[in-house]
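Observations on the three-dimensional arrangement
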Amino acid sequence: MDKIDINKVGAKLEEVFADKVQIQGEPQGILQLQVDKKYIIELLGFLKNDPELKFIFLTDITAVHYPDFEEDQQMCVVYHIHSLENNIRVRIKVFINGDNPTIDSATVLWNGANWMERETFDFFGVKFLGHPDLRRILNIDELNVHPMRKEYPLEDPNRVDKKDFYFGR
């Protein structure tokens, strides 16, 4: 069987998922998709289990916080998966509500998603429904914020070493 390319992956996804999946381009040679959160497990399962595509390697799960976007698109969960046999990578973006960020867990497909989802929960506050052990992994349990969300000032406004008079202004 010959290796497939990005165009064949895109064509197959359009054939199977029609308007459920939006192909957004190929930045840096990575096929970029956007999907609604209700179809994410179906899409990931198809990409993993299709005998031709073989996207068996889940590289990463993370999130991006867009505080200036509309409320239902303030949080974006990003999946990176790789077809080792075909040497093709795919980035999947799922926009979810920023106030109540929830999405289905990919642990039903990849056991390795466990740690990635815990990290994303810890830093961004995304709750993965059906996750077997969703708790903080890198920050202390008593921390009541999610530090990667863009809800906090970048610098402490009370710092005195940044005052103009120290620089002759």
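Throughout, a residue's number is its position along its own chain's written sequence, starting from 1. Reporting of local features is limited, given that this is a predicted model, to residues whose pLDDT is at least 70; pairs of side-chain atoms are given and counted only at 80 or more, and all residues count toward the totals for whole chains, interfaces and linings. Each side-chain value is worked out from all heavy atoms of the structure, with water and hydrogens disregarded.

For the record, the criterion: UniProt positions are given in the numbering used here, feature names are shortened, and annotations may be inferred rather than shown by experiment.
The name that an unreviewed UniProt entry assigns to the chain is NADH-quinone oxidoreductase subunit C, with the source organism given as Candidatus Sphingobacterium stercoripullorum. Taken verbatim from the UniProt record of the chain, the Subcellular location (unreviewed entry) comment is "Cell membrane". Reading the Subunit (unreviewed entry) entry of the UniProt record for the chain gives the comment "NDH-1 is composed of 14 different subunits. Subunits NuoB, C, D, E, F, and G constitute the peripheral sector of the complex."

**Side note on the overall build of the chain**
So the rule is basically this: Secondary structure counts use DSSP, requiring at least four H or I residues in a row for a helix and at least two E residues in a row for a strand, with both numbered from the N terminus. Each residue is assigned to one of three classes by its accessible area relative to the maximum for its type, calculated with a 1.4 Å probe on protein chains only: buried under 20%, partly exposed between the two thresholds, exposed over 50%. Any two residues whose heavy atoms approach within 4.5 Å are treated as being in contact. Here the accessible surface of atoms and residues is derived via Shrake-Rupley with a 1.4 Å probe, and residues count as covered only by protein chains that are part of the display.
Along the chain, the regular secondary structure elements total three helices and seven strands. Ordering the α and β elements of the chain from the N terminus gives α-β-β-α-β-β-β-β-α-β. In the chain, buried positions account for 41% of the 169 residues. Here the contacts in the chain between residues at least 6 apart in sequence split such that 51% fall between residues at least 24 apart. Surface accessibility of the chain: about 10,000 Å² in total, with carbon and sulfur atoms responsible for 49%.

**Here's the deal with the environment of Ile23**
Relative to the elements of secondary structure, Ile23 occurs in strand E1 (residues 21-25). Separated by 69 residues in the primary sequence, Ile23 and Ile92 have C-alpha atoms spaced 9.4 Å apart. Setting aside anything within four residues of it in sequence, one finds Ile23 in contact with Gly10, Glu14, Leu31, Gln32 and Leu33.

**Some words on the confidence of the model for the chain**
Definition in use: Every residue is assigned a pLDDT by the predictor, reflecting its confidence on a scale from 0 to 100.
Taken residue by residue, the chain gives an average pLDDT of 91. The fraction at 70 or more is 89%. Across the chain, the secondary-structure element scoring lowest on mean pLDDT is E1, at 92, and the one scoring highest is strand E6 (residues 102-104), at 98.

**Thoughts on the nonpolar core**
So the rule is basically this: Definition used in this section: a nonpolar core is a set of buried Ala, Val, Leu, Ile, Met, Phe, Trp, Tyr and Cys residues joined via side-chain atoms within 4.5 Å.
Membership of the largest hydrophobic core comes to 38 residues, with the highest contact counts inside it found for Tyr79 and Ile92. Mapped onto this core, the elements with two or more residues apiece are helix H1 (6-17), strand E2 (31-35), helix H2 (40-49), strand E3 (57-65), strand E4 (75-83), strand E5 (88-96) and helix H3 (113-124).

**Observations regarding the packing of H1 against H2**
Definition in use: Note on geometry: axes are lines fitted to C-alpha atoms, helical ones only across the stretch in contact, with angles between N-to-C directions running from 0 to 180 degrees. Working rule for angles: under 35 degrees goes down as roughly parallel, over 145 as roughly antiparallel, 65 to 115 as roughly perpendicular, anything else as oblique. Definitions for this section: a left-handed crossing has its near helix turned counterclockwise from the far helix by less than a right angle. A right-handed crossing has that turn clockwise.
For the pair H1 and H2, interaxial distance at closest approach is 12 Å and the crossing angle is 130 degrees. The angle between H1 and H2 falls in the class oblique. Our pair here, H1 against H2, has a crossing hand that is right-handed. Of H2, the residues touching H1 (which contributes Lys12, Leu13, Val16 and Phe17) are Glu42, Leu43, Phe46 and Leu47.

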